Amino acid sequence: MANLTSMSGFLLVGFSDNRELQILLALLFMVTYLLALTGNLLIISVTSLDHCLQSPMYYFLKHLSLLDLCFISVTVPHSIRNSLMNNGYISCGQCILQVFFFIALASSEVAILTVMSYDRYVAICQPLQYETIMNNHACRHAVTAVWLAKGLSGLMHTAVNFSIPLCGERLSHQFFYDIPQMLKLACSHEFINEIAVAAFTTSAAFICLVSIVVFYIHIFSTVLRIPSAEGRTKVFATCLPHLFVVTFFLSTSGFEFLHPPSNSQSAMDLMFSIFYMVIPPTLDPAIDSLWNEAMQAALRKVLSKGEFAQRKMYLKAIFKF
């Protein structure tokens, strides 16, 4: 704290200076992280092991769980460590890695949610052409495009952000390296490049949002024409969990990045950061399993003693790979 201007890294002061409160928040984050870790690993395992869950919907769900697992691992473990050690310092190298993976994974999550919406649209509105459109080749290409394109997005943000000279105290009122907070420290108007990159990324996210809205308008218009109440209920049970995840993630992240950063610590800023960085990766597995009967059956099957014993070696081989 003595010389915040000359140090190479940054000081994260998102949480209270009260030591007892820091430890309590660290424990809460730890429990949440373990829940997210367990839930997403279960989803990945079940969709990999169960032969009944090999459709495109579960293939994309597996990659969404992998993204959730990586996304929450970018910031939460470091925040837990800092709180327990009473040290908010983050090095420049850690900032670079955090920005790259944070932007890449957040962008990938928006893209994969859009792909999942399209998958639901084709399954419900064009069922006769579903197997032709959403074949294995197309699904693999879609996922590969998501990872590569959004990795490029993270690379652009990282390169532009860390080429900007900074002045003043290297202090952030967050529990992670927050780009909007750091842009206030820019010595000149060179941050315009970062704003241009951010505008491009935001435009891409907006296109994804519009696409999701259009897909679901078609989906609901088709579902409402189904004469059977049981059929409508089954379709809604498939679509509503995904729609809830999309709405929650995009609304909280949109608020966080579109409102101007504050000059002091704000409980509202921290709350919305937690809402879109910690809560969705933790709740997604529960939402997917609670609303999906096939997923529940597969979970019981995989977790049963005999089934787990038979597939233990296969499971180890997957995670080793």
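This structure is a prediction, so every number in the text was calculated from the model and none was measured. (Residues numbered from 1 in each chain as written. Predicted model: local features only at pLDDT ≥ 70, side-chain atom pairs only at ≥ 80, totals over all residues. Heavy atoms only, no water.)

1. Some remarks on the sheet that holds strand S2 (residues 89-90)
One open sheet holds the three strands; their spatial order is S2-S1-S3, and the pairing between them is mixed. Every other strand in the sheet has two partners, leaving S2 and strand S3 (171-172) as the edge strands with one partner each. (Pairing = 2+ DSSP bridges. Helix = DSSP H or I, 4+ residues; strand = E, 2+ residues; numbered from the N terminus.)

2. Some words on the confidence of the model for the protein
Here the protein averages 78 in pLDDT, while 79% of its residues score no lower than 70. Confidence scores differ between elements of the protein, with helix H12 (residues 305-320) showing the lowest mean pLDDT of 53 and helix H4 (residues 130-133) the highest of 90. (pLDDT = per-residue confidence, 0-100.)

3. Overview of the environment of Ile23
You can see Ile23 is positioned in helix H1 (residues 19-49). Residue classification places Ile23 among the partly exposed positions, given a relative accessible area of 35%. In the structure, Ile23 is positioned 61 residues away from Leu84 in sequence and 5.9 Å away in space, judged by C-alpha atoms. (Buried < 20%, exposed > 50% of the residue type's maximum accessible area, 1.4 Å probe, protein only.)

4. Brief notes about the UniProt feature "transmembrane region" (unreviewed entry) in the protein
Annotation from UniProt places "transmembrane region" (unreviewed entry) at residues 21-45, 57-76, 88-107, 195-223, 235-258 and 270-291. Counted over residues 21-45, helix gives 100% and strand 0%. Its end C-alpha atoms are 36 Å apart. Secondary structure across residues 195-223 divides into 100% helix and 0% strand, with the first and last C-alpha atoms of the span separated by 41 Å. (UniProt positions renumbered as here; feature names shortened; annotations may be inferred.)

5. Digging into a nonpolar patch on the surface
Residues Ile23, Leu27, Met30, Leu34, Leu84 and Met85 make up a contiguous nonpolar surface patch of about 500 Å² in total accessible area. Listed by contribution, the elements that provide at least two residues to the nonpolar patch are H1 and helix H2 (56-85). The element contributing the most residues to the nonpolar patch is H1, with four residues. Within the fold, Met30 resides in helix H1. (Patch = residues over 30% accessible without salt bridge, like charges linked within 9 Å, V, L, I, M, F, W, Y side chains within 5 Å. Areas by Shrake-Rupley, 256 points an atom, 1.4 Å probe, with all protein chains shown as cover. Salt bridge = Lys/Arg side-chain N within 4 Å of Asp/Glu carboxyl O.)

6. Regarding the packing of H2 against helix H3 (residues 92-125)
Their axes nearest at 9 Å, the elements H2 and H3 cross at an angle of 155 degrees. Between H2 and H3, the crossing angle belongs to the class labelled roughly antiparallel. Both H2 and H3 take part in a crossing whose hand is left-handed. Per-class residue counts for the contact of H2 with H3 are 17 nonpolar, six polar and four charged. (Axes fitted to C-alpha atoms, helices over the stretch in contact; angles between N-to-C directions. Parallel < 35°, antiparallel > 145°, perpendicular 65-115°, else oblique. Left-handed = near helix turned anticlockwise from the far one by under 90°. Nonpolar A, V, L, I, M, F, W, Y, C, P; charged D, E, K, R; others polar.)

7. Overview of the nonpolar core
With 67 residues, the main nonpolar core has Phe60, Phe71, Met277 and Met295 as its most contacted residues. Of all the elements, H3 adds the most residues to this core, at 15 residues. (Core = buried A, V, L, I, M, F, W, Y, C linked by side-chain atoms within 4.5 Å.)

8. What to know about H3
The end-to-end C-alpha separation of H3 is 49 Å, in line with the 50 Å expected for 34 residues at 1.5 Å each. Summarising burial for H3: 24 of the 34 residues are buried, a large majority. (Expected span 1.5 Å × (residues − 1).)

9. Here's the deal with the layout of surface pockets
Of the voids in this model, the second largest pocket is the one considered here, and its volume is about 490 Å³. Residue lining of the second largest pocket: 17 residues in total, with Thr233, Lys234, Val235, Ala237 and Thr238 positioned closest to the centre. When residues of the lining of the second largest pocket are traced back to their parent elements, those giving at least two are H2, H3, helix H8 (229-258) and helix H11 (293-303). With eight residues, the single largest contributor to the lining of the second largest pocket is H8. Split into classes, the residues belonging to the lining of the second largest pocket amount to nine nonpolar, four polar and four charged. (1 Å grid on protein atoms, 1.4 Å probe; cavity = no way out; pocket = protein on both sides within 12 Å on 5 of 7 lines; lining within 4 Å. Points joined across faces, edges and corners; volume = space filled by probe spheres on them.)

10. Side note on the packing of H2 against helix H5 (residues 136-161)
Following both chains from N to C, one finds H2 and H5 inclined at 20 degrees, their axes separated by 11 Å at the closest point. Here H2 is positioned roughly parallel relative to H5, judged by the angle of their axes. Of the two possible hands of crossing, H2 and H5 adopt the one that is right-handed. In this structure, H2 contributes Pro56, Tyr59, Phe60, His63, Leu66 and Leu67 to the contact, and H5 contributes Cys139, Arg140, Val143 and Trp147. (Contact = heavy atoms within 4.5 Å.)

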